[in-house]
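Chain by chain, the residues:
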Amino acid sequence: MRIELRDIHVTLADRPVLTEVGLSFREGEQVAILGPSGAGKTTLLRVIVGAVAPQRGAVLVDGIDPHASRAALTMLRRSIGCVRQRDDLVRGVTARTNILASVAYQWRLRDWGSVLLGNVPRRYRDRLAEVTMRYEIAEVLAAPVERLSGGQRQRVAVARAVFGRPRLLLADESTSGLDPVRATRALDDLQYGGATLIATTHDLRIAQRFPRVIALRDGAVVFDGGFTGPADLRRIYGDDTGTETVA
Ligand SMILES: Nc1ncnc2c1ncn2[C@@H]1O[C@H](COP(=O)(O)OP(=O)(O)OP(=O)(O)O)[C@@H](O)[C@H]1O
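Residues numbered from 1 in each chain as written. Predicted model: local features only at pLDDT ≥ 70, side-chain atom pairs only at ≥ 80, totals over all residues. Heavy atoms only, no water.

- Per an unreviewed UniProt entry, the chain goes by ATP-binding cassette domain-containing protein and derives from Actinomadura alba.

What follows is the structure, encoded as structure tokens:
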């Protein structure tokens, strides 16, 4: 999915949160967003997904303004998968139902019945088998998500985000709290599949695995390019260098 952000300004509770943000993302591009806490990373994702409307500027996702109408927003969101730091899986239902529910907008009446009875509608069986294998979640599919470990929940959250083959994946600190091996694995899972991927992170090892890194500071873009390592840090974090990052 192509994304154009032109001269975006966002003010929340009378405070400027994003200022003059102009960025474009190509179809299939994979980009990490770095920056100190409060820099505006999550807000940037929320602007793209149509959850925060900028006071100034233009947002175009595949040529469509997500803020133009409810219909435009609904259509775009069907092509977008999201993974958040604290997963928002629905407690009390199984991992399988959580994954299937990501495409509930496509369900027919009999699909609702089938899922409510704990079955998998026939037309989703192959895809479910595919993501189950890819994300190694076979043993947890039938379990209510509150019984899963953090790493298992993370894998289910990624499987849910990719299940409907979204063309855009937005990952908000989706690897924080995972051990390095699991974080790398979760990132591989997100990068696999060719969707445009925009991932916020505080972890430099994660950022270094992206060909393009954008850094925000106080709501403005202060870095956009290939990340080479510690030399770029001061520009991104200023005097905060090292306080929140993993060297
Ligand atoms: N709904 C809101 N109302 C008022 N202020 C908000 C709101 N959402 C975010 N902010 C403020 O906007 C600023 C940027 O927040 P944002 O969550 O985008 O930062 P971030 O870079 O993602 O931070 P972190 O790395 O800690 O998640 C912060 O100062 C935050 O307090």
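Here we look at the pattern of salt bridges
Working step 1: This model, assessed by the stated rule, comprises 18 salt bridges.
Working step 2: Between Asp7 and Arg56 there is a salt bridge; the shortest N-O distance is 3.2 Å. Of this pair, Asp7 sits in strand E1 (residues 3-12) while Arg56 sits in strand E4 (residues 56-61), and the two are 49 residues apart along the sequence.
Working step 3: Exposure remark for Asp7: the relative accessible area of 33% places this residue in the partly exposed category.
Working step 4: According to the relative accessible area criterion, Arg56 is partly exposed, its value standing at 45%.
Working step 5: Glu136 is the salt-bridge partner of Arg185, the closest N and O atoms lying 3.3 Å from each other. Residue Arg185 is found in helix H7 (residues 180-191), and its partner Glu136 is found in the loop between helix H5 (125-134) and helix H6 (150-163); the two are separated by 49 residues along the sequence.
Working step 6: Using a relative accessible area of 25% as the deciding quantity, one classes Arg185 as partly exposed.
Working step 7: The exposure class of Glu136 is partly exposed, given its relative accessible area of 46%.
Working step 8: Through salt bridges that share partners, Arg2, Glu27, Asp62 and Arg167 make up one connected network. (Salt bridge = Lys/Arg side-chain N within 4 Å of Asp/Glu carboxyl O. Helix = DSSP H or I, 4+ residues; strand = E, 2+ residues; numbered from the N terminus. Buried < 20%, exposed > 50% of the residue type's maximum accessible area, 1.4 Å probe, protein only.)

Quick notes on empty space enclosed by the protein
Working step 1: With the rule as written, the count across this model stands at one cavity of 30 Å³ or more.
Working step 2: Along its surface, the largest cavity is lined by Glu173, Ser174, Thr175, Leu187, Leu190, Ala199, Thr200, Thr201 and Ile206.
Working step 3: Only H7 and strand E7 (196-200) provide two or more residues apiece to the lining of the largest cavity.
Working step 4: Looking at the lining of the largest cavity residue by residue, the classes come out as four nonpolar, four polar and one charged. (1 Å grid on protein atoms, 1.4 Å probe; cavity = no way out; pocket = protein on both sides within 12 Å on 5 of 7 lines; lining within 4 Å. Points joined across faces, edges and corners; volume = space filled by probe spheres on them. Nonpolar A, V, L, I, M, F, W, Y, C, P; charged D, E, K, R; others polar.)

With respect to the site of the ligand
Working step 1: The ligand sits among 14 residues. The nearest are Ser37, Gly38, Lys41, Thr42 and Thr43.
Working step 2: At a separation of 2.8 Å, an oxygen atom of the ligand approaches a polar side-chain atom of Thr42.
Working step 3: Notes on the ligand: free accessible area 640 Å², of which the protein chains cover 62%.
Working step 4: Secondary structure elements with two or more residues in the shell around the ligand: strand E2 (15-25) and helix H1 (41-48).
Working step 5: In terms of residue count, the dominant contributor to the shell around the ligand is H1 (three residues). (Near = heavy atom within 4 Å. Polar contact = N/O pair within 3.5 Å; in protein donor to acceptor, adjacent residues only side chain to side chain. Areas by Shrake-Rupley, 256 points an atom, 1.4 Å probe, with all protein chains shown as cover.)

Some words on the pairing of strand E8 (residues 212-217)
Working step 1: Of all six residues in E8, five are buried; the element is thus mostly enclosed.
Working step 2: Sheet topology places strand E3 (residues 30-34) next to E8; four bridges connect them, and they run parallel. Across the sheet, Ile33 pairs through a bridge with Ile214, a residue of E8.
Working step 3: Where E8 hands over to strand E9 (residues 220-225), the hairpin turn is made up of two residues, of which Asp218 adopts a positive phi near 45°. (Pairing = 2+ DSSP bridges.)

Observations regarding the packing of aromatic side chains
Working step 1: Applying the stated criterion across every chain yields a total of two aromatic pairs.
Working step 2: Judged by centre distance (4.6 Å) and plane angle (80°), the ring pair of Trp107 and Trp112 falls under edge-to-face.
Working step 3: On the accessibility criterion, Trp107 (12% relative accessible area) is buried.
Working step 4: According to the relative accessible area criterion, Trp112 is partly exposed, its value standing at 40%.
Working step 5: Ring centres 6.1 Å apart and planes at 50° place the aromatic pair Tyr124 and Phe163 in the tilted group. With Tyr124 in the loop between helix H4 (109-116) and H5 and Phe163 in helix H6, this pair connects stretches of sequence that are 39 residues apart. Phe163 shares its class with Tyr124; the two are buried.
Working step 6: The ring of Tyr192 carries the charged tip of Arg134 above its face, separated from the ring centre by 3.8 Å. (Phe/Tyr/Trp six-rings, centres within 6.5 Å; stacked < 30°, edge-to-face > 60°. Lys NZ or Arg CZ within 6 Å of the ring centre and 35° of its normal.)

A closer look at the environment of Ala199
Working step 1: Counting through the fold element by element, Ala199 comes out in strand E7.
Working step 2: Considered as a pair, Ala199 and Leu169 are 30 residues apart in the sequence and their alpha carbons are 8.1 Å apart.
Working step 3: Setting aside residues up to four positions removed in sequence, Ala199 forms contacts with Val31, Ala32, Ile33, Ala171 and Phe210. (Contact = heavy atoms within 4.5 Å.)

Details of the layout of surface pockets
Empty space among the atoms becomes apparent when a probe as large as a water molecule is rolled across them.
Working step 1: By volume, the largest pocket amounts to about 660 Å³.
Working step 2: Forming the walls of the largest pocket are 25 residues, and the residues nearest its centre are Arg77, Ile80, Gly81, Cys82 and Arg84.
Working step 3: Among the secondary structure elements, those contributing two or more residues to the lining of the largest pocket are H1, strand E5 (80-84), H6 and strand E6 (168-172).
Working step 4: Counted by class, the lining of the largest pocket contains 14 nonpolar, four polar and seven charged residues.

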